[in-house]
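Residues per chain are reported as follows:
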Amino acid sequence: METSAQNKTKEEVIEAFRMMWGNYPSPVMLITYTHEIVAVNDVCASYGTPLGVKCFSLGGNHSGCKAAAAKISGKAVRHVAYAADSDVVYDGYWLPVCGEYLVHFGNDITAYVDADRFKNETA
């Protein structure tokens, strides 16, 4: 008898996250819908990202956060935005994965877009 996705333990969800996202070439976080960071991939860890804190406490503008939209819809949400502090355009994602958890990451797409087009869309 298989355990449903909703009945996975926190440790099982973290292990699955690490298997899927551990080597992803951009920072990736496993967070809760209350914004607590519960796991990070290797790149995110190399930046010194702490566990157990709220992701918005890491700095930057979080007005474009789509965690709530992902929770309500139960579907992945994408938001392309400009981060003025780093002059980078991010292609951001919030992916519901299991119960209270979602995967959050953003890819730097600055080299592939006209950054001026996104300067009114904050990250």
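See the structure shown above.
Residues numbered from 1 in each chain as written. Predicted model: local features only at pLDDT ≥ 70, side-chain atom pairs only at ≥ 80, totals over all residues. Heavy atoms only, no water.

Trainee: What should I look at first to understand the sheet that holds strand β5 (residues 101-108) in this one?
Mentor: Note on sheets: strands pair through backbone hydrogen bonds, and any given pair is parallel or antiparallel. If you trace the five strands from one edge of the open sheet to the other, you get β2-β1-β5-β4-β3, paired in antiparallel fashion. Only two strands of the sheet have a single partner each, and these edge strands are β2 (37-40) and β3 (77-83). Across this sheet, the average inter-strand angle for adjacent strands is 25°, counted without regard to direction. As judged from the five bridges shared by strand β1 (residues 28-32) and β5, these two strands associate in the antiparallel manner. Residue pairing in the sheet places Leu-30 in a bridge with Val-103 of β5. Running at roughly 160° to β1, helix α1 (residues 10-21) makes contact with β1, β2, β4 (88-98) and β5 of the sheet. (Pairing = 2+ DSSP bridges. Helix = DSSP H or I, 4+ residues; strand = E, 2+ residues; numbered from the N terminus. Axes fitted to C-alpha atoms, helices over the stretch in contact; angles between N-to-C directions. Contact = heavy atoms within 4.5 Å.)

Trainee: Would you take a moment to explain the side chain of His-104 for this structure?
Mentor: Inspection of the secondary structure assignment puts His-104 in strand β5. Assessed through its relative accessible area of 18%, His-104 is described here as buried. From its side chain, His-104 meets the backbone oxygen of Tyr-93 in a polar contact 2.8 Å long. Excluding residues within four positions of it along the chain, His-104 makes contact with Pro-27, Val-28, Met-29, Ile-31, Tyr-93 and Trp-94. (Buried < 20%, exposed > 50% of the residue type's maximum accessible area, 1.4 Å probe, protein only. Polar contact = N/O pair within 3.5 Å; in protein donor to acceptor, adjacent residues only side chain to side chain.)

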